[in-house]
Amino acid sequence: MGAVDRLLQYNTSLAIMTTNKQTTSTTRSDAIRDWLRRNRIFSRFWWRCHARFPRLVPSLHSRRLSSYMERDIGDNEKTSIPLEEEMRVLCIWCTEVYGPSEIDALYTGLEKLDWHLDRFHGPQSGCIDWIKRQRQFGSEGTFNLGIISRRDETRYLAMNYFADLPNGVDYLIAEVHQLCPSLTCVQIAFVLDEAHQKLYTEELQIERSTTHEPIRDRFGSYRIMDPYHHKQRAIESRRCELQTLSVQWFRKNLPGLFCSTPLDGYPPTAELITTQRASILEDSRHGGDSMKSWPRLMANSFIHNAWRSTEYSSLLFAPQDSDSEDKSHILISLRTSDLPVAAVEPFGGYQPSAYTSLIHERVNGILISFAAISLLNAFRRVLIQTRDQLKVASPRKRRVLKSLDYIQNFFSASLQVPSIVGELAEKARNEHSYRWSCEGFIEAVAFRGEPPAKFDERIRAHTKHLATRLLNDDKTTRESFKQISEVVTARESVKAQRRMEILTVVAIAVAALSLWIALPPVDKWRGGLRDLTNTIAGEPLATDSVPVPPVAPLIHKKATPPKTPKPSLQEGLRVKIQKVPE
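I will try to describe carefully the structure that is included in this document. (Residues numbered from 1 in each chain as written. Predicted model: local features only at pLDDT ≥ 70, side-chain atom pairs only at ≥ 80, totals over all residues. Heavy atoms only, no water.)

### Thoughts on the overall build of the chain
Next up, step 1: From N to C terminus, the chain includes 18 helices and 11 strands.
Next up, step 2: Relative to its 582 residues, the chain shows a buried fraction of 40%.
Next up, step 3: Sequence separation of at least 24 residues holds for 68% of the intrachain contacts in the chain that already meet a minimum separation of 6.
Next up, step 4: As displayed, the chain offers around 35700 Å² of accessible surface, 56% of which is attributable to carbon and sulfur atoms. (Helix = DSSP H or I, 4+ residues; strand = E, 2+ residues; numbered from the N terminus. Buried < 20%, exposed > 50% of the residue type's maximum accessible area, 1.4 Å probe, protein only. Contact = heavy atoms within 4.5 Å. Areas by Shrake-Rupley, 256 points an atom, 1.4 Å probe, with all protein chains shown as cover.)

### Quick look at the packing of helix 12 (residues 352-389) against helix 16 (residues 455-518)
Next up, step 1: Relative to each other, helix 12 and helix 16 sit at 25 degrees, their axes nearing to 10 Å. Classified by the angle between their axes, helix 12 and helix 16 sit roughly parallel to one another. In this structure, the crossing between helix 12 and helix 16 has a hand that is left-handed. Contacts between helix 12 and helix 16 involve I366, S369, F370, I373, L376, N377, F379, R380, L383, T386 and R387 from the former and F455, I459, H462, T463, L466, A467, R469, L470, D473, D474, T477 and F481 from the latter.
Next up, step 2: Taken together, the residues of the contact of helix 12 with helix 16 sort by class into 12 nonpolar, 6 polar and 5 charged. (Axes fitted to C-alpha atoms, helices over the stretch in contact; angles between N-to-C directions. Parallel < 35°, antiparallel > 145°, perpendicular 65-115°, else oblique. Left-handed = near helix turned anticlockwise from the far one by under 90°. Nonpolar A, V, L, I, M, F, W, Y, C, P; charged D, E, K, R; others polar.)

### Observations regarding the sheet that holds strand 11 (residues 441-443)
Next up, step 1: One open sheet accounts for 9 strands, arranged 2-3-4-1-7-10-9-8-11; its pairing is mixed. In the strand order of this sheet, the two ends are held by strand 2 (141-148) and strand 11, each with one partner. The average angle at which neighbouring strand axes cross in this sheet is 20 degrees, direction not considered.
Next up, step 2: Bridge count for strand 1 (residues 88-98) against strand 4 (residues 183-192) is 8 bridges, and the pairing is antiparallel. When the sheet's bridge partners are listed, W93 is paired in strand 4 with A189. (Pairing = 2+ DSSP bridges.)

### Things to note about the pattern of salt bridges
Next up, step 1: On inspection of all chains with the given rule, the structure shows 15 salt bridges.
Next up, step 2: The shortest N-O distance in the salt bridge between E241 and R238 comes to 3.5 Å. Of this pair, E241 and R238 both sit in helix 8 (residues 227-253), separated by 3 residues, roughly a single helical turn.
Next up, step 3: Residue class for E241 comes out partly exposed when judged on its relative accessible area of 42%.
Next up, step 4: Given a relative accessible area of 24%, R238 falls into the partly exposed group.
Next up, step 5: Across the pair E271 and R239 runs a salt bridge whose closest N-O atoms are separated by 2.6 Å. Note that E271 is positioned in strand 7 (residues 269-275) and R239 in helix 8, a separation of 32 residues in sequence. (Salt bridge = Lys/Arg side-chain N within 4 Å of Asp/Glu carboxyl O.)

### What to know about the state of the cysteines
Next up, step 1: According to the stated counting rule, one finds 0 disulfides in the structure shown.
Next up, step 2: Here C259 is not cross-linked by a disulfide; its sulfur's nearest cysteine counterpart is in C94, at 6.8 Å. (Disulfide = S-S within 2.5 Å.)

### Here's the deal with the layout of surface pockets
Next up, step 1: Approximately 590 Å³ is the volume attributed to the largest pocket.
Next up, step 2: What lines the largest pocket is a set of 26 residues, among which P319, F370, I373, N377 and H462 lie closest to the centre.
Next up, step 3: Secondary structure elements with two or more residues in the lining of the largest pocket: strand 10 (329-335), helix 12 and helix 16.
Next up, step 4: When grouped by side-chain class, the residues that make up the lining of the largest pocket number 11 nonpolar, 9 polar and 6 charged. (1 Å grid on protein atoms, 1.4 Å probe; cavity = no way out; pocket = protein on both sides within 12 Å on 5 of 7 lines; lining within 4 Å. Points joined across faces, edges and corners; volume = space filled by probe spheres on them.)

### Details of the environment of P166
Next up, step 1: With respect to the secondary-structure elements, P166 resides in the loop between strand 2 and strand 3 (169-180).
Next up, step 2: Look at P166 and you get buried, because its relative accessible area is 17%.
Next up, step 3: Along the backbone, P166 and F190 are 24 residues apart, and their C-alpha atoms lie at a distance of 9.1 Å.
Next up, step 4: Contacts of P166, omitting those with residues within four sequence positions, involve R150, L245 and W249.

### Observations regarding the nonpolar core
Next up, step 1: Counting residues in hydrophobic clusters, the biggest one holds 57 residues, and the most contacted among them are W115, W249, F250 and L254.
Next up, step 2: Among the elements that take part in this core, helix 8 stands out by supplying 7 residues, more than any other.
Next up, step 3: Every residue in contact with L254, bar those within four places of it in the chain, is listed here: E96, Y98, L106, G109, L110, L113, W115, V186 and W249.
Next up, step 4: Membership of the second largest hydrophobic core comes to 54 residues, among which are W307, F317, I368 and A425. (Core = buried A, V, L, I, M, F, W, Y, C linked by side-chain atoms within 4.5 Å.)

### Here's the deal with helix 4 (residues 103-113)
Next up, step 1: Buried within helix 4 we find I103, L106, Y107, G109, L110 and L113. Projection of helix 4 onto a plane perpendicular to its axis shows the buried side chains occupying an angular sector of 165 degrees, all on one side. Exposed residues pointing more than 90 degrees away from the buried face of helix 4 are listed as D104 and K112.
Next up, step 2: Buried residues in helix 4 make contact with strand 1, helix 5 (127-137), strand 4 and helix 8.
Next up, step 3: D114 occupies a position one or two residues after helix 4 and carries a positive phi of about 65 degrees. (Arc of directions from axis to C-beta.)

### Here we look at the packing of helix 12 against helix 14 (residues 417-428)
Next up, step 1: For the pair helix 12 and helix 14, the least separation of the axes is 11 Å and the interaxial angle reads 140 degrees. Considering their axes alone, helix 12 and helix 14 lie oblique with respect to each other. Handedness of the crossing formed by helix 12 with helix 14: left-handed. Note on element contacts: helix 14 touches helix 12 through V417, I420, V421 and L424, opposite A372, L375, L376 and F379.
Next up, step 2: When the residues that make up the contact of helix 12 with helix 14 are grouped by side-chain class, the tally is 8 nonpolar, no polar and no charged.

### Quick look at the pairing of strand 3
Next up, step 1: Most of strand 3 is tucked away: 11 of the 12 residues are buried.
Next up, step 2: Sheet topology note: the strand 2/strand 3 ladder contains 7 bridges and is antiparallel. Each bridged residue has a counterpart across the sheet, and for I147 the counterpart in strand 3 is I173.
Next up, step 3: Bridging between strand 3 and strand 4 involves 10 bridges; their strand directions are antiparallel. From the neighbouring strand, V176 faces strand 4, where its bridge partner is V186.
Next up, step 4: The turn linking strand 3 back onto strand 4 is made up of 2 residues.

Right, here's the structure in full:
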């Protein structure tokens, strides 16, 4: 046997011994694990430690985190964007509305931004004068403010409108819409710069692994976060940052109904995401393995909720599901490779600015209609919360004034609601208004072989339903609040009368007690009554009455002899006659 054969035999025996040792150690660890599982006290203590610190203490019943490595590789591959694909988020739309109470704030904000002046210094009036005429004569319309950039920008012609833009925003596209006589809407598209357009792509390209995350609200439990959920959370965080960027700008410069009380919520927003080959909303409808694909991760919605453009089949939009009730967001998806040359040539060809301008013209009316629906939902949410939070004061609780103040604040804050909702309900009866602004979109997926519904008809019917129901609820709530205030007032009047009765009885008792204290003792009453009776009967006064001791004089004077009375004339003559001698 040669040296090579002996070396191979030695390596083989060494490998067999190592394998036997590993098998023995594995069997021994499994036996220990089984023994620990059967021990209830130790198992319970170990489970509490594992649930509290799942990343440090392994579980006795589940697999280790290292066993998820194979699955994590596949999930990271599915949720990453292919090299031949390019995805960009081009802009964020934000829409704010202004009622009769907020219109002065809009005028003030436009004047501070210098957007009230005529753009081209022509004979036409500025934005504020146009809004006043529209609200006065009750007509609908749009005032285009155009492109708005920073003051040091010189790449656009006729740049007369400027503003302080947030970080990451290249320029703005602003418009003012008059929805109805009492409601004005300002819509602004925040076009992002090159770095912020690839925020979603950067988050998807980061590889992540499965982790255990404790649940704070529930002690002793945790959730298993795989790469798909980690990336989904990162995308939602980035999306929230972009939404907050636009909302904060409105709160600082042009606050309206959504940014002020009592709504105090988020204005409706929308985002435009472009791809070259894939379609986010279309590719997210398949099941199976594609449920963890990157299009499904980006679109937090199903294809059944999407609407497709009849002009460009690759243009779709869908409302996004949100955990918060006061947030309304729309995802607009565009596959750029399907756009014809004639569509983008007027805007400069196949480039991000051309896609933004093209889609902005197609969806601005749709976003305004969604803003009206969001406003109706916000009004109804505030109405329900106000109705549920109001508690009539019970006789044992001193909350009557608080309830009356609450009702008064409701009437003061919702003074403009009936007029706005009534005008929106009246507008929903006019199908031509919605056909002009929301035409050109149908259902992406039709149900049961029926023809796809048109978006303008669907949103008009939905707006009419919401406005009619809100008018009825508002009328019922106002009548209920009036009845509650009357009941509370009547009950307080009855309670006040009872308090006055108790106060009167107490006053009478105090007066009687004071009289009893001021009267003399009973013995003096008897002597006084006896003297009074004797006087009336003509008898001498009773001698058994207790004489009142004389009061000692305060100052002692010298005693003087009593004066003798002067005799009268007759007595004097009689005395003289008696003294005459005989």
